[in-house]
Amino acid sequence: MAHAGPRTTRLWELMREPASDPNFRKLLGFLASWQFAVNLATPFFTVYLVRQLGYSMPVVMALAIASQLANAFALRSWGVLSDRFSNKSVLLVAAPAYIACIAAMAVASQIDHDGAQLVFLIGLHLLMGSSVAGVTLATTNIGLKLSPRGMASSYIASTAVVTALAAGAAPVIGGLFADFFANRRFELVIRWTNPEGVFAFLPLKLGNWDFYFLISGVLGLYALHRLGPISEAGEIAQRDMVRHVLVQARSSVHAFSTVTGFRALTEMPGSIVREFRVRRRFARRHALRMFDE
C-alpha cells in the first residue's frame, strides 16, 4: 500500500500527455463508449442461452469455441487489410458487424423452430468471432499508431485505463437493471382479419435479455458516431473496404480448398494464437518497464 500513492501519481503523469492530444482524445471517447456498449450485453450471453433459450452448457461451450475459431481464422486477414489500408477502415467494417451481431441475438428468441434457431446462432457466433478479431486488432494498432515516438507506453496506459473502466462499469450497471427487465415484455403483432380467419404477420415478442441486446446496439451506433472524427492516414471509404473484405474472404476460401491449403488451415490457428500471445506479452512487459522507470 506504501507504493500505491506514487504509482497512482505516475499513472496520471503518463496519461497527461495523451489527454492533451485532440485526436487521441477522440479515440479515448470512442473506446469508452464502445467498451460500455459491448460489455453491457456480452457478459449475459451465457445466461440468455441457458435460461431464456433453454440450451445446455455443452451447446453454449460449443458456440463459444466456434466463435474463438472464427476469431483465430480472421485475425490474419484483418491484419493484412489494416496494413494495406488503415486501422480505422477496418473498424468501419468490423465494428458495425459486431454491433449488428449483438443486436441480432434478440432475433434468436423470435425463431420457433429449434433447428433453425441453432443454425442461426452458429452463424451469428462465427460472424461475431470474425468481426471482434478485427475490432480488437484495429483498436490496439490505432492507439499505437497515433502515439508519438517515445510516448507509446503512456498512450497504451491511457487506453488500458479507459477500456478497463468502461468495460467494468457496463456489466455492473446491466446487472442492476436485470430484475427490471425480467418483469417487462414488449409485443408487437400485425393481424389481418378476413372471412376466412385471422392471420398474424411478423409477431415480435421481446423480454428479459432481449432488451440488453437492443440497447447495446443503440449504444454501439453512438460509439460508431464517435469513431467518425478520428483521422488516420490511409483510410478509405466504408464501401470500398467492404469490397476488399469480401475479396479477401473469397481468396481465403479458395486457398484452403486444396489439400495444401487444408493442411495450412489446421496449422494456422495455433501459430496465430502463439504469435498474438507473444506480441501481447512483449507489449505488456515493455509498458510495465516504462511505467516503473
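Residues numbered from 1 in each chain as written. Predicted model: local features only at pLDDT ≥ 70, side-chain atom pairs only at ≥ 80, totals over all residues. Heavy atoms only, no water.

1. Describing the overall build of the chain
Here's step 1: A count of helices and strands for the chain gives 11 helices and two strands.
Here's step 2: Mapped from its N terminus to its C terminus, the chain presents α and β elements in the order α-α-α-α-α-α-α-α-β-β-α-α-α.
Here's step 3: Across the 293 residues in the chain, those meeting the buried criterion constitute 38%.
Here's step 4: Counting contacts in the chain only where the partners sit at least 6 residues apart, residues at least 24 apart contribute 80% of the total.
Here's step 5: For the chain, the computed accessible surface area is about 16,800 Å², with 64% contributed by carbon and sulfur atoms. (Helix = DSSP H or I, 4+ residues; strand = E, 2+ residues; numbered from the N terminus. Buried < 20%, exposed > 50% of the residue type's maximum accessible area, 1.4 Å probe, protein only. Contact = heavy atoms within 4.5 Å. Areas by Shrake-Rupley, 256 points an atom, 1.4 Å probe, with all protein chains shown as cover.)

2. Comments concerning the nonpolar core
As a rule of thumb, nonpolar side chains are buried together in soluble globular proteins.
Here's step 1: By size, the foremost hydrophobic cluster in this structure holds 56 residues, and its most contacted members are Phe30, Trp34, Trp78, Met105 and Phe213.
Here's step 2: Counting only elements with at least two residues in this core, the list comes to α2 (22–39), α3 (45–52), α4 (57–84), α5 (87–108), α6 (114–146), α7 (152–176), α8 (178–182) and α9 (210–227). (Core = buried A, V, L, I, M, F, W, Y, C linked by side-chain atoms within 4.5 Å.)

3. Focus: the environment of serine 131
Here's step 1: Secondary-structure assignment places serine 131 in helix α6.
Here's step 2: For serine 131 and alanine 94, which are 37 residues apart along the polypeptide, the C-alpha to C-alpha distance reads 4.7 Å.

4. Focus: α3
A turn of α-helix holds 3.6 residues, and therefore any two residues three or four places apart point the same way.
Here's step 1: Turning to α3, its buried residues number three or more, namely Phe45, Tyr48 and Leu49. Buried residues of α3 fall within an arc of 95° about the axis and therefore sit on the same side.
Here's step 2: Summarising the contacts, the buried residues of α3 are in contact with α4, α5, α6 and α9.
Here's step 3: Following α3 by one or two positions, glycine 54 adopts a phi angle in the positive range, close to 80°. (Arc of directions from axis to C-beta.)

5. Observations regarding the packing of α5 against α6
Here's step 1: Direction vectors running N to C along α5 and α6 enclose 150°, while the axes themselves pass 8 Å from each other. With respect to α6, the element α5 is oriented roughly antiparallel. Here the hand of the crossing between α5 and α6 comes out left-handed.
Here's step 2: Class assignment of the residues belonging to the contact of α5 with α6 gives a composition of 20 nonpolar, seven polar and two charged. (Axes fitted to C-alpha atoms, helices over the stretch in contact; angles between N-to-C directions. Parallel < 35°, antiparallel > 145°, perpendicular 65-115°, else oblique. Left-handed = near helix turned anticlockwise from the far one by under 90°. Nonpolar A, V, L, I, M, F, W, Y, C, P; charged D, E, K, R; others polar.)

6. Looking at a nonpolar patch on the surface
Here's step 1: On the surface, a cluster of nonpolar side chains totalling about 490 Å² of accessible area is made up of Val172, Ile173, Leu176, Phe177 and Phe180.
Here's step 2: With respect to the element layout, valine 172 can be found in helix α7. (Patch = residues over 30% accessible without salt bridge, like charges linked within 9 Å, V, L, I, M, F, W, Y side chains within 5 Å. Salt bridge = Lys/Arg side-chain N within 4 Å of Asp/Glu carboxyl O.)

7. A word on the packing of α5 against α9
Here's step 1: Two numbers describe how α5 lies on α9: the axes approach to 7 Å, and their chain directions differ by 165°. With respect to α9, the axis of α5 lies roughly antiparallel. Seen from above, α5 lies across α9 with left-handed handedness. In this structure, α5 contributes Lys88, Leu91, Leu92, Ala95, Pro96, Ile99, Ile102, Ala103, Met105 and Ala106 to the contact, and α9 contributes Asp210, Phe213, Leu214, Ser216, Gly217, Gly220, Leu224 and Leu227.
Here's step 2: Here the contact of α5 with α9 is composed, by residue class, of 13 nonpolar, three polar and two charged.

8. Some details on the packing of aromatic side chains
Here's step 1: Within this structure, the stated rule accounts for 10 aromatic pairs.
Here's step 2: Where phenylalanine 44 meets tryptophan 209, the ring centres are 5.1 Å apart and the plane angle is 20°; that geometry is what we call stacked. Taken together, the positions of phenylalanine 44 in the loop between α2 and α3 and tryptophan 209 in the loop between β2 (197–207) and α9 put the pair 165 residues apart, joining distant regions of the chain.
Here's step 3: Judged by relative accessible area, phenylalanine 44 falls into the buried class, the value being 12%. (Phe/Tyr/Trp six-rings, centres within 6.5 Å; stacked < 30°, edge-to-face > 60°.)

9. Regarding the environment of arginine 191
Here's step 1: Within the secondary structure, arginine 191 sits in strand β1 (residues 185–194).
Here's step 2: For arginine 191, a relative accessible area of 61% puts it in the exposed group.
Here's step 3: The spatial distance from the C-alpha of arginine 191 to the C-alpha of proline 203 is 8.9 Å, given a sequence separation of 12 residues.

10. Topic: α5
Here's step 1: Taking 1.5 Å per residue, 22 residues should reach 32 Å; α5 reaches 31 Å between its end C-alpha atoms and fits that length.
Here's step 2: Within α5, the axis deviates most sharply at isoleucine 102, by approximately 25°.
Here's step 3: Of all 22 residues making up α5, 16 are buried, and the element is well covered by its neighbours. (Expected span 1.5 Å × (residues − 1). Bend = angle between axes of the 7 residues up to and from the residue.)

11. Concerning the side chain of threonine 159
Here's step 1: You can see threonine 159 is positioned in helix α7.
Here's step 2: The residues contacting threonine 159, other than those within four sequence positions of it, are Phe24, Leu28 and Leu31.

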